[in-house]
Amino acid sequence: SVRIIKEKLGQIRLHKLDYNLINSFFLNLRHPSPGMKPMALNSIRNIKRGFHKALEDAVLAKIIRENPCRGIKVSGKAETVHSTLTKNEVDIVRNHIKDTSLFLPVSLSVALGLRRAEALGLCWEHVNFETGTISIRKTLVMTSIGPILQTPKTKNSSRNLPMPPKIREILLAEKEKQEVNRIALGKEYQNNGFVCCKENGSAYSPNYITHRFTRVLNELPVTKIHFHELRHTYATLSLENNVPLKVVSELLGHSTISITANTYSHVNEPLARRYSETIASFILD
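In this report, we go over the structure that sits alongside the text. (Residues numbered from 1 in each chain as written. Predicted model: local features only at pLDDT ≥ 70, side-chain atom pairs only at ≥ 80, totals over all residues. Heavy atoms only, no water.)

A word on the nonpolar core. Soluble globular proteins tend to pack their nonpolar side chains together in the buried interior. In this structure, Val93, Leu108, Val127, Ile134, Leu171, Phe213 and Leu230 are the most contacted members of the largest nonpolar core, which totals 52 residues. Here this core gets six residues from one element, more than from any other, and that element is helix α5 (residues 103–112). Membership of the second largest hydrophobic core comes to 19 residues, among which are Phe25, Phe26, Leu55 and Val59. (Core = buried A, V, L, I, M, F, W, Y, C linked by side-chain atoms within 4.5 Å. Buried < 20%, exposed > 50% of the residue type's maximum accessible area, 1.4 Å probe, protein only. Helix = DSSP H or I, 4+ residues; strand = E, 2+ residues; numbered from the N terminus.)

The structure is reproduced here in structure tokens:
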């Protein structure tokens, strides 16, 4: 942000900066010259916050009398379209990490739409093989004293999910492997009950999982996404395969269906258009 401000306004002395100059600067970031890529709204807002603070400091230091950035509004709706993997890319990633610490948390996130904290905070007491359900009741978050378990932030985030057969197979294999490790390590094994854990039973650092996931993706011919976007991959592929919006919303743990609709409008709108054309053709033919 400092580079952009310096590049565009660096030649202007502080006392000559005024509202119109600064407003034009921000408008040009959002609506640049033809052929230039507009800057994301959130990035512009970050630049404005930093610029406003710097000018406030200049006022306090009595370098200028008033902050010319006051009253500048960066309006508009921030549109965030998350990157996602295709079904083929999901297969490439999962095959590559088959025997690594990433396999289980990635599988849970992409097949159930779990957040990173939900996947890493899942405990065996919340996995019911008899009823075929997985209950989301805890999240694993990073703090200054290390990773700790917490309850989900919202009521809707606590939810019961059906256990798909393939996830059941993966979980049963993991449970068996953990039992072997528990016997082999004896007293050194930390029986904390985590589904996703190290060989000694201790919790993974959420940051470790994220960083390792990023490194793996950089080695593969797939779309580069963040770990959280596995959840968006789940939602996108679900909607594209005709799973009803309300069902996807409930499985994701969204508090309202409108959150899901707004987040995935880039998926819903083309689908709605396609179905609308199909219905109209059927009725009017």
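Let us look at the pairing of strand β2 (residues 133–136). Here two bridges tie strand β1 (residues 127–128) to β2, and the two strands are oriented antiparallel to one another. Paired with Asn128 across the bridge in β2 is Thr133. Here β1 hands over to β2 after four residues, with Gly132 in that stretch at a positive phi of 70°. (Pairing = 2+ DSSP bridges.)

For the structure on display, the rule yields ten salt bridges. Here Glu118 ties to Arg159 by a salt bridge, and the two come within 2.9 Å at their closest N and O atoms. Of this pair, Glu118 sits in helix α6 (residues 116–121) while Arg159 sits in strand β5 (residues 159–162), placing them 41 residues apart in sequence. By the burial criterion, Glu118 is buried, and Arg159 matches it. For Glu250, the salt bridge is made with Lys246, and the minimal N-O distance between the two is 3.1 Å. In this pair, Glu250 and Lys246 are both assigned in helix α10 (residues 245–252), four residues apart and thus about one turn of the helix distant. What makes Lys246 exposed here is its relative accessible area of 52%. Through salt bridges with shared partners, a single network forms among Arg3, Glu7 and Lys8. (Salt bridge = Lys/Arg side-chain N within 4 Å of Asp/Glu carboxyl O.)

This brings us to the environment of Glu89. For Glu89, the location among the structural elements is in helix α4 (residues 87–96). Residues Glu89 and Leu220, 131 residues apart in the sequence, show an inter-C-alpha distance of 9.2 Å.

Moving on: the sheet that holds β1. Strand pairing in a sheet relies on backbone hydrogen bonds. The paired strands run either parallel or antiparallel. Pairing within the open sheet is antiparallel, and its three strands lie in the order β1-β2-β5. Every other strand in the sheet has two partners, leaving β1 and β5 as the edge strands with one partner each.

Here the focus is a nonpolar patch on the surface. Taken together, the side chains of Tyr275, Ile279, Phe282, Ile283 and Leu284 present a nonpolar region at the surface, about 610 Å² in accessible area. Its location among the elements puts Ile283 in helix α12 (residues 265–284). (Patch = residues over 30% accessible without salt bridge, like charges linked within 9 Å, V, L, I, M, F, W, Y side chains within 5 Å. Areas by Shrake-Rupley, 256 points an atom, 1.4 Å probe, with all protein chains shown as cover.)

With that settled, the discussion passes to the packing of α5 against helix α9 (residues 229–240). In contact at an axis separation of 6 Å, α5 and α9 are set at 35° when each is read in the N-to-C sense. Of α9, the residues touching α5 (which contributes Val106, Ser109, Val110, Ala111 and Leu112) are Leu230, Arg231, Thr233 and Tyr234. Considering only residue class, the contact of α5 with α9 consists of six nonpolar, two polar and one charged. (Axes fitted to C-alpha atoms, helices over the stretch in contact; angles between N-to-C directions. Contact = heavy atoms within 4.5 Å. Nonpolar A, V, L, I, M, F, W, Y, C, P; charged D, E, K, R; others polar.)

Our next topic: unusual backbone geometry. Its identity is not glycine, yet Lys62 carries a phi of approximately 60°, on the positive side. With a phi angle near 70°, Asn242 is a residue other than glycine that sits in the positive phi range.

Another point: α5. The buried fraction of α5 amounts to nine of the ten residues, a majority that puts the element mostly inside the structure. Residues of α5 that are buried include every one of Phe103, Leu104, Pro105, Val106, Ser107, Leu108, Ser109, Val110 and Leu112, and no others. Positioned one or two residues after α5, Gly113 has a phi angle of 75°, which is positive.

This part is about α4. Every buried residue of α4 is listed here: Glu89, Val90 and Val93. Along the axis of α4, the buried positions cluster into a sector of 105°, meaning they face one direction only. In α4, the exposed residues that point more than 90 degrees away from the buried face are Lys87, Asn88 and Asn95. Where α4 is buried, its residues meet α5, α8 (206–219) and α9. (Arc of directions from axis to C-beta.)

The two faces of β5 differ: Arg159 and Leu161 on one face are buried, but Asn160 and Pro162 on the other face are not. Looking at chain direction, β2 and β5 are connected through four bridges and run antiparallel. Bridged to Thr133 within β5 is Pro162.

Further remarks concern the environment of Asn242. Along the chain, the position of Asn242 falls in the loop between α9 and α10. When residues no more than four places from it in sequence are discounted, the contact partners of Asn242 are Arg274 and Tyr275.

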